[in-house]
Amino acid sequence: MPALILRLGSAAALLLLGATSLLAQTADPAPSGSRTTITRRAVGPRYTNDKIDAFVDGHPTSANVLGLFKPEEIVMTSPRSANQSMERMTMKIEVKDKSHVMLRYFANKARLYYKGKYYDHNVIPGINSARVDRLKYVADEALGDYVEVILYGEEYVASRPHAFRAPGGKIQYYDVDGTLYSLQEFKALRLKAGGTRTLISGKEAADKYGNPKYATGVMVIKTR
């Protein structure tokens, strides 16, 4: 699958660019932060938070959780399965430091405290990662455990937007006008630019071509 790159910067439009992918974070009409949408650029489905199955070290959560990490703290993958429709996306997040505050958050089912408001466990608002200074874990007998999100001051300007990358490789299979080719066979065709290209993956690709290996993705090209 092509790489996914999520850029988190200002609260304005933010883009994720990949070989055939686009992730965008846009300003949320509510004051809580921002929302994330993911689009296969011009060739596939659009993913909003309700269509993303996110996992942090195996803990199911919302795609908004990316706002609570720095890019260097995690490794992201976006595997495709022959049992899952391409209309949904799986985002697997592995935390490098096993003492990270967010792993304690999940293990203890703690709440989140952000901008003066408490959020129940696993209810995560849209948060701009570039605005987060640090996270503080608080164990309070009266209030219960919670993670406080401490933001930089309003005068702080990030030097660059945060980019979260899910490593990916080249598409290995190509359907050109109804004939299936491997990557090497496709290169040998030396096709000229033009026509239309649509990426299909997951269950749809496995079912169409009769083999689960195609779940990783097939670029369908129509030259005429």
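Parameters at a glance
Residues numbered from 1 in each chain as written. Predicted model: local features only at pLDDT ≥ 70, side-chain atom pairs only at ≥ 80, totals over all residues. Heavy atoms only, no water. Helix = DSSP H or I, 4+ residues; strand = E, 2+ residues; numbered from the N terminus. Buried < 20%, exposed > 50% of the residue type's maximum accessible area, 1.4 Å probe, protein only. Contact = heavy atoms within 4.5 Å. Areas by Shrake-Rupley, 256 points an atom, 1.4 Å probe, with all protein chains shown as cover. Phe/Tyr/Trp six-rings, centres within 6.5 Å; stacked < 30°, edge-to-face > 60°. Lys NZ or Arg CZ within 6 Å of the ring centre and 35° of its normal. Pairing = 2+ DSSP bridges. Salt bridge = Lys/Arg side-chain N within 4 Å of Asp/Glu carboxyl O.

### Regarding the overall build of the protein
- Within the protein one finds three helices and 18 strands.
- Counting only residues that meet the buried cut, the protein has 43% of its 224 residues in that class.
- Restricting to contacts in the protein with at least 6 residues of sequence separation, those with at least 24 account for 54%.
- Accessible surface, the protein as shown: approximately 11700 Å² in total, 52% of it carbon and sulfur.

### Examining the packing of aromatic side chains
- Under the defined criterion, the tally for this structure stands at seven aromatic pairs.
- Here Y118 and Y146 contribute two aromatic rings whose centre-to-centre distance is 5.3 Å and whose plane-to-plane angle is 90 degrees, an arrangement assigned as edge-to-face. One end of the pair, Y118, is in strand β11 (residues 117-119); the other, Y146, is in strand β13 (residues 146-151), with 28 residues separating them in the sequence.
- Residue Y118 is classed as partly exposed on the basis of its relative accessible area, which comes to 31%.
- Overall, Y146 belongs to the buried group, its relative accessible area being 10%.
- Members of the aromatic cluster, connected to one another through ring pairs, are Y113, Y118 and Y146.
- In this structure, R104 packs its charged tip against the face of Y137, placed 3.8 Å from the ring centre.

### Things to note about the environment of M102
- As for its placement among the helices and strands, M102 is situated in helix α1 (residues 101-107).
- Among the residues examined, M102 registers a relative accessible area of 0% and is labelled buried.
- The sequence separation of M102 and L68 amounts to 34 residues, and the corresponding C-alpha distance is 7.8 Å.
- Other than its neighbours up to four places away in sequence, M102 contacts V65, L68, F69 and L135.

### Let's talk about the pairing of β13
- The sheet contact formed by strand β10 (residues 111-114) and β13 spans three bridges and is parallel. In the sheet register, L112 faces β13, and the bridge partner there is V147.
- Across six bridges, strand β12 (residues 132-138) lies against β13 in antiparallel orientation. Residue pairing in the sheet places K136 in a bridge with E148 of β13.

### As for the pattern of salt bridges
- Under the counting rule described, the total for this entry stands at four salt bridges.
- The closest approach of N and O atoms between R88 and D53, which form a salt bridge, is 2.7 Å. With R88 in the loop between β8 (74-77) and β9 (89-95) and D53 in strand β6 (residues 52-56), this residue pair connects regions lying 35 residues apart in the sequence.
- Notably, a salt bridge pairs D207 with K203, separated by 2.6 Å at the nearest N-O pair. On the criterion of helical spacing, the pair formed by D207 and K203 is a turn pair, its members being four residues apart in helix α3 (residues 202-209).
- The exposure class assigned to K203 is partly exposed, which follows from its relative accessible area of 37%.

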